[in-house]
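# Commentary on secondary and tertiary structure
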Amino acid sequence: MIGAWLLSQVGNARFRALIPMLILVATLLFAFGKQIHDHFAHRPVPRSMSLEHLSLLAAFIQLILAIYGGFFSAGLGVMLMAMLMLFGVHDMQLNNAFKNAIASVISTVAVLIFILNGMVVWSHALPAFAACIAGGIVGAKLAQRLPAQWLKYTVVGTGLLLTVYYAWTIYGRHS
């Protein structure tokens with residue numbers, strides 16, 4: 001709700017310059033999420049860091065990603081998968097399923113806010129909605145059939161391609 005509300009107030013022009021960097025960071029977090037998780041999992045938790053503090057940190061990370069997803073969702077899937085990797089969800093199919101569920105909630109709330117604020121151009125939104133449903137169905141079936149390592153390569157490759165695409169779109173054309 002916060003991200004969609006922010007977008008309705010400020011537009012995405014100010015946020016646009018950060019898009020390639022955010023997608024790249026998310027892609028790298030996803031690619032190395034297991035190593036990062038393992039690194040921290042084998043270190044003792046500081047005595048000052050209680051389970052309550054860890055839960056608050058996890059909730060804060062989720063809040064930041066939800067705000068990002070409501071504001072501008074490019075790369076949200078990669079970021080969510082990276083977050084889930086950091087939280088210990090290393091089974092790629094399970095990670096992908098959780099990512100889809102979380103992204104669906106974030107997107108649904110954002111869309112409702114956009115509709116209530118009269119920001120939806122229905123002639124563009126309805127075909128995009130149909131394509132998202134079809135892509136979600138096909139993508140989920142494909143992800144279930146792919147070996148876990150290939151799914152990871154696909155996600156990392158997609159994240160890198162999105163980084164290059166948005167960097168070129170935002171910075172490259174003006175040079």
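Located above this text is the structure these notes cover.
Because the structure is predicted, anything quoted here is derived from the model rather than measured.

Below, the discussion takes up the nonpolar core. Counting 35 residues, the largest nonpolar core has Ile19, Phe30, Tyr68, Phe72 and Tyr166 as its most contacted members. Breaking this core down by element, the ones donating at least two residues are helix H1 (2–10), helix H3 (19–31), helix H5 (51–71), helix H6 (76–86), helix H7 (92–116) and helix H9 (148–170). The element contributing the most residues to this core is H6, with nine residues. Dropping the residues within four chain positions of it, phenylalanine 30 is found in contact with Val78, Met81, Ala82, Met85, Met92, Lys152, Val155 and Val156.

Across its 21 residues, H5 extends 30 Å between first and last C-alpha, which sits within 8% of the 30 Å expected from 1.5 Å per residue. For H5, the full list of buried residues reads Ala58, Leu65, Tyr68, Gly69, Gly70 and Phe71. Buried residues belonging to H5 abut H1, helix H2 (13–16), H3, H6 and H7.

Counted according to the given criterion, the structure contains two aromatic pairs. Aromatic pair tryptophan 150 and tyrosine 153: ring centres 5.5 Å apart, planes at 90°, arrangement edge-to-face. Here the residue tryptophan 150 and the residue tyrosine 153 both occupy positions in helix H9, the gap between them amounting to three residues, near one helical turn. Residue classification places tyrosine 153 among the partly exposed positions, given a relative accessible area of 47%. For the ring pair tyrosine 165 and tyrosine 166, a centre distance of 5.1 Å and an interplane angle of 75° mean the geometry is edge-to-face.

Together, Ile2, Trp5, Leu6, Val10, Leu51, Leu54, Leu57, Phe60, Leu63 and Ile64 make up a nonpolar patch on the protein surface, roughly 930 Å² of accessible area in all. Those elements that place two or more of their residues in the nonpolar patch are H1 and H5. Sorting elements by how many residues they give to the nonpolar patch places H5 first, with six residues. If you trace the backbone, isoleucine 2 turns up in helix H1.

Basis of the calculations
- Residues numbered from 1 in each chain as written.
- Predicted model: local features only at pLDDT ≥ 70, side-chain atom pairs only at ≥ 80, totals over all residues.
- Heavy atoms only, no water.
- Core = buried A, V, L, I, M, F, W, Y, C linked by side-chain atoms within 4.5 Å.
- Buried < 20%, exposed > 50% of the residue type's maximum accessible area, 1.4 Å probe, protein only.
- Helix = DSSP H or I, 4+ residues; strand = E, 2+ residues; numbered from the N terminus.
- Contact = heavy atoms within 4.5 Å.
- Expected span 1.5 Å × (residues − 1).
- Phe/Tyr/Trp six-rings, centres within 6.5 Å; stacked < 30°, edge-to-face > 60°.
- Patch = residues over 30% accessible without salt bridge, like charges linked within 9 Å, V, L, I, M, F, W, Y side chains within 5 Å.
- Areas by Shrake-Rupley, 256 points an atom, 1.4 Å probe, with all protein chains shown as cover.
- Salt bridge = Lys/Arg side-chain N within 4 Å of Asp/Glu carboxyl O.

From the geometry alone we can't say anything about function, so treat these as descriptive.
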